[in-house]
Amino acid sequence: MAFYKLDTPGHSVLSLDAKSSLWDSSRPGTAEGWKPFIGRHEGGNDYETSNSRPQYPRPQYPRDTPEPSPALPPDTPKGPPGGPPPDGGLTAWLQVLGGYFLFFNTWGLINAFGVFQTYYSAVLLTDKSNSTIAWIGTLTSFMLCASPITWGPVFDMGSPRLLVVFGSFSVVFGMMMTSLCDKYWQLMLAQGIVVGIGGGCLFITATSILPSYFSTKRALAMGIAASGSSLGGIVYPLIFSHLQPKVGYGWAVRVIAFISLVTLAIPCAVIKPRAKPPGRRKIFDTAILKEVPYEIFNLATFFGFVGQYIPYFFIEQYAGDHGLDMAFYMLTFLNVGSIPGRILPSLLADKYFHPLHVLATCTGCATILAFCWIAVQHSTPGLIVWCLLYGFCSGAFVSLQGAAVASMATDMRTIGTRFGINMFAGALGILIGAPVGGAIFPHSWPAAQVFCGVTLACSTVSIVATYVVWQRGKTGHSKLAG
């Protein structure tokens, strides 16, 4: 940009020629004393003049708009609305608290479905097979993961609180209606669809709000929030199993609904977007689908969710079929192990390694454990240890999903849409995973366990491929042709 300065005793006048950064010789003649001077980039306050005259600071006007620094690398993500993340502070950590209870009432209910699966097959729906009953939980999971593809753009337009309020109402209402159900189609509608759609609103908010508040502590913040699902997976089964024999199925589920109501009031109060995106934006940005690393990672998410939740749905029945003690508490041990599994790997991803490195390692370990599961048939302590270890490794898969997607994002203003598409891929996986496992294990438990291990192995390979392709395209993210 070229500036012109009039040297007079009383004042100086500043004008801007936007066409060129150098003196324009075709410019009409000006008054004597006009001289060009060339400013440094936006990071500086002084300017180099074309002669030895004294330098003057550039006047600051309200309408001055800072330009991006040319020193930034070409693959630097565009920041979220509101400027750089504060990476801490009261408001930022309140978002973590809110996200914790959003996870508590979304994936917490999914992690607890094993106790419903056992009750439905033994008492409420004795005429239905395990595979058929599992469709209730997988439909809840599918709606929770698939609906964010719609809610993501709503979040990006600056309306997370609307999503939290609507999602909270849907989850509580769905659980209340579940307490009145005694038929399969009723449970599919109330627990499967209504709770699932509400959970999708809450989940996309929990995963998308934190990247705008955290950068260097992003994975840790998301890991702490995601650990809420582990606590939900511990608390809700214990409540149901202890209350159901005393007060009946209906009131046991209503107590869960009341707990959801109280805990969801917290995120309704504290969730706060940093700033509304300026101007109008696309409802759906198709350019996201042309990023090759992102598409490979969606494939990894699909395979991971196919296999990951098979133990969570059927571990109690596995322990019972093999005559092991403490069969009911095996689901609790899985969720206990996933609490540190959601926090410690996230801490490593912030301080020492890229999130994809940690995610690939943990998913690879979960793959090995899935095959080792075949050998744990006659030892209760052995199965408890297996549950703790598998819970740890599988917990990282959920907590690091958001950090991995954010780490590859080329535009943080579309983070909600990116999470929505990624979780839709996971929804397709979780929709078929548990029903297929439920159809296999009545005939062969080892076959179901091998199915779990093979799908997790495919996920591990896809995560590694994601990192390799992403590294090769860092100078300008690889994109699909078209």
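To be clear, the structure that these remarks concern was listed above.
Let me sum up the structure you'll find in this document. (Residues numbered from 1 in each chain as written. Predicted model: local features only at pLDDT ≥ 70, side-chain atom pairs only at ≥ 80, totals over all residues. Heavy atoms only, no water.)

### Structural notes on the overall build of the protein
No. 1: The number of helices and strands found in the protein is 15 helices and four strands.
No. 2: At a minimum sequence separation of 6, the contacts of the protein that also span at least 24 residues come to 81%. (Helix = DSSP H or I, 4+ residues; strand = E, 2+ residues; numbered from the N terminus. Contact = heavy atoms within 4.5 Å.)

### Quick look at a nonpolar patch on the surface
No. 1: Together, V247, W251, F258, L261 and V262 line one region of the surface with nonpolar side chains, adding up to about 500 Å² of accessible area.
No. 2: Secondary-structure assignment places L261 in helix α8 (residues 218-270).
No. 3: With a relative accessible area of 46%, L261 lands in the partly exposed category. (Patch = residues over 30% accessible without salt bridge, like charges linked within 9 Å, V, L, I, M, F, W, Y side chains within 5 Å. Areas by Shrake-Rupley, 256 points an atom, 1.4 Å probe, with all protein chains shown as cover. Salt bridge = Lys/Arg side-chain N within 4 Å of Asp/Glu carboxyl O. Buried < 20%, exposed > 50% of the residue type's maximum accessible area, 1.4 Å probe, protein only.)

### Here's the deal with the environment of F142
No. 1: With respect to the helices and strands, F142 occurs in helix α4 (residues 130-146).
No. 2: With 289 residues separating them in the primary sequence, F142 and L431 have C-alpha atoms 5.5 Å apart.
No. 3: Excluding anything up to four places from it in sequence, F142 contacts S147, A427, L428, I430 and L431.

### As for the pattern of salt bridges
No. 1: Tallying each qualifying case throughout the model produces two salt bridges.
No. 2: Across the salt bridge formed by K183 and D182, the nearest N and O atoms sit 3.7 Å from each other.
No. 3: The closest approach of N and O atoms between R418 and E291, which form a salt bridge, is 3.1 Å. Linking R418 in helix α14 (residues 415-440) with E291 in the loop between α8 and α9 (292-308), this pair joins segments that are 127 residues apart in sequence. Judged on exposure class, the residue R418 and its partner E291 are both buried.

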